[in-house]
Amino acid sequence: MRLVIHNQSDAPIFKQIYDQIKSQIIAGELKKDEALPSIRQLAKDLKVSVITTKRAYEELERDGFIYTMAKRGSYVKGMNPSLIKEEYLKQIETYLQDALDLADTVGISIAELKALLDILKSETEGGRK
């Protein structure tokens, strides 16, 4: 598991840890039942507070990405394909909302955005053949 903390980021450190572990789980880089570093070890490796890593792990567990066994540690939970799809859909919604906001700023219509999506899709499909 590789994590990088960006001190210049606006995101809190626990959120950076959470996001990076979650991304690695969704991408399949971290496998079901794979052990995560202990909270203390991760805090030491990242040179952050144990409280910070504990919060990231608690949120990952709350959101169903990891599970913890007393005195044994934290492990990657098996990912349900519908949960993975839902996570990607949330990301897509965020990107699309950003595109809508930007289009609105410069006066681009929904029809023009849809046409642009069609063009991008056909170019992407053409590159796969």
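Everything discussed here concerns the structure shown above.
What you see is a predicted model, and the numbers here were worked out from it, not measured in a lab.

So, how was this worked out
- Residues numbered from 1 in each chain as written.
- Predicted model: local features only at pLDDT ≥ 70, side-chain atom pairs only at ≥ 80, totals over all residues.
- Heavy atoms only, no water.
- Patch = residues over 30% accessible without salt bridge, like charges linked within 9 Å, V, L, I, M, F, W, Y side chains within 5 Å.
- Areas by Shrake-Rupley, 256 points an atom, 1.4 Å probe, with all protein chains shown as cover.
- Salt bridge = Lys/Arg side-chain N within 4 Å of Asp/Glu carboxyl O.
- Helix = DSSP H or I, 4+ residues; strand = E, 2+ residues; numbered from the N terminus.
- Buried < 20%, exposed > 50% of the residue type's maximum accessible area, 1.4 Å probe, protein only.
- Core = buried A, V, L, I, M, F, W, Y, C linked by side-chain atoms within 4.5 Å.
- Contact = heavy atoms within 4.5 Å.
- Phe/Tyr/Trp six-rings, centres within 6.5 Å; stacked < 30°, edge-to-face > 60°.
- Axes fitted to C-alpha atoms, helices over the stretch in contact; angles between N-to-C directions.
- Parallel < 35°, antiparallel > 145°, perpendicular 65-115°, else oblique.
- Left-handed = near helix turned anticlockwise from the far one by under 90°.
- Nonpolar A, V, L, I, M, F, W, Y, C, P; charged D, E, K, R; others polar.

Engineer: Honestly, a nonpolar patch on the surface in this entry has me stumped. Any pointers?
Structural biologist: A cluster of nonpolar side chains, namely Tyr88, Leu89, Ile92, Leu96, Leu116, Leu117 and Leu120, defines an oily patch on the protein surface of about 610 Å² accessible area. When residues of the nonpolar patch are traced back to their parent elements, those giving at least two are helix 4 (81–106) and helix 5 (110–128). Here the element with the most residues in the nonpolar patch is helix 4; it accounts for four residues. Within the secondary structure, Leu96 is located in helix 4. Leu96 sits in the partly exposed class, given a relative accessible area of 43%.

Engineer: When you look at the nonpolar core in this model, what are you seeing that I'm missing?
Structural biologist: Among soluble globular proteins, nonpolar side chains are generally buried collectively. Among the nonpolar cores identified, the biggest contains 21 residues, and Ile17, Ile21, Ile25 and Phe65 are the most heavily contacted of them. When residues of this core are traced back to their parent elements, those giving at least two are helix 1 (13–26), helix 2 (39–46) and helix 3 (50–62). Beyond its immediate sequence surroundings of up to four residues, Ile25 is in contact with Leu30, Phe65, Ile66, Val76 and Met79.

Engineer: What should I look at first to understand the packing of aromatic side chains in this one?
Structural biologist: Aromatic ring pairs are defined here through the distance separating the ring centres and the angle between the ring planes. Taken as a whole, this structure holds one aromatic pair when the rule is applied. Between Tyr67 and Tyr75, the aromatic rings sit 5.5 Å apart at their centres with planes inclined by 25°, giving stacked as the arrangement. The class for Tyr67 is partly exposed, based on a relative accessible area of 23%. Residue Tyr75 is classed as buried on the basis of its relative accessible area, which comes to 14%.

Engineer: Any chance you could explain the packing of helix 1 against helix 3 here in plain terms?
Structural biologist: For any two helices packed against each other, the geometry is given by the interaxial angle and the distance between the axes. In the contact formed by helix 1 and helix 3, the axes pass within 8 Å of each other and the chain directions differ by 45°. One way to sum up the angle between helix 1 and helix 3 is to call them oblique. Both helix 1 and helix 3 take part in a crossing whose hand is right-handed. For the pair helix 1 and helix 3, the contacting residues are Ile13, Phe14, Ile17, Tyr18, Ile21 and Lys22 in the first and Thr52, Thr53, Arg55, Ala56, Tyr57, Glu59 and Leu60 in the second. Of the residues assigned to the contact of helix 1 with helix 3, the class counts are eight nonpolar, two polar and three charged.

Engineer: Mind showing me how you'd approach the environment of Met69 here?
Structural biologist: Take Met69: it is sitting in strand 1 (residues 66–69). According to the relative accessible area criterion, Met69 is partly exposed, its value standing at 32%. In sequence terms Met69 and Thr105 are 36 residues apart; their C-alpha atoms lie 50 Å from each other.

Engineer: Explain the environment of Leu30 to me, please; I cannot follow it from the model alone.
Structural biologist: Looking at where Leu30 falls in the secondary structure, it is placed in the loop between helix 1 and helix 2. Separated by 33 residues in sequence, Leu30 and Asp63 have C-alpha atoms that sit 16 Å apart. Those residues within four positions of Leu30 in sequence are excluded, and the remaining contacts are Met1, Ile21, Gln24, Ile25, Leu36 and Val76.

Engineer: It is not clear to me how the environment of Lys22 should be interpreted in this structure. Could you clarify?
Structural biologist: Mapped onto the elements of the fold, Lys22 is located in helix 1. Considered as a pair, Lys22 and Gly64 are 42 residues apart in the sequence and their alpha carbons are 9.9 Å apart. Lys22 has contacts with Leu60, Phe65 and Glu87, leaving out every residue within four places of it along the chain.

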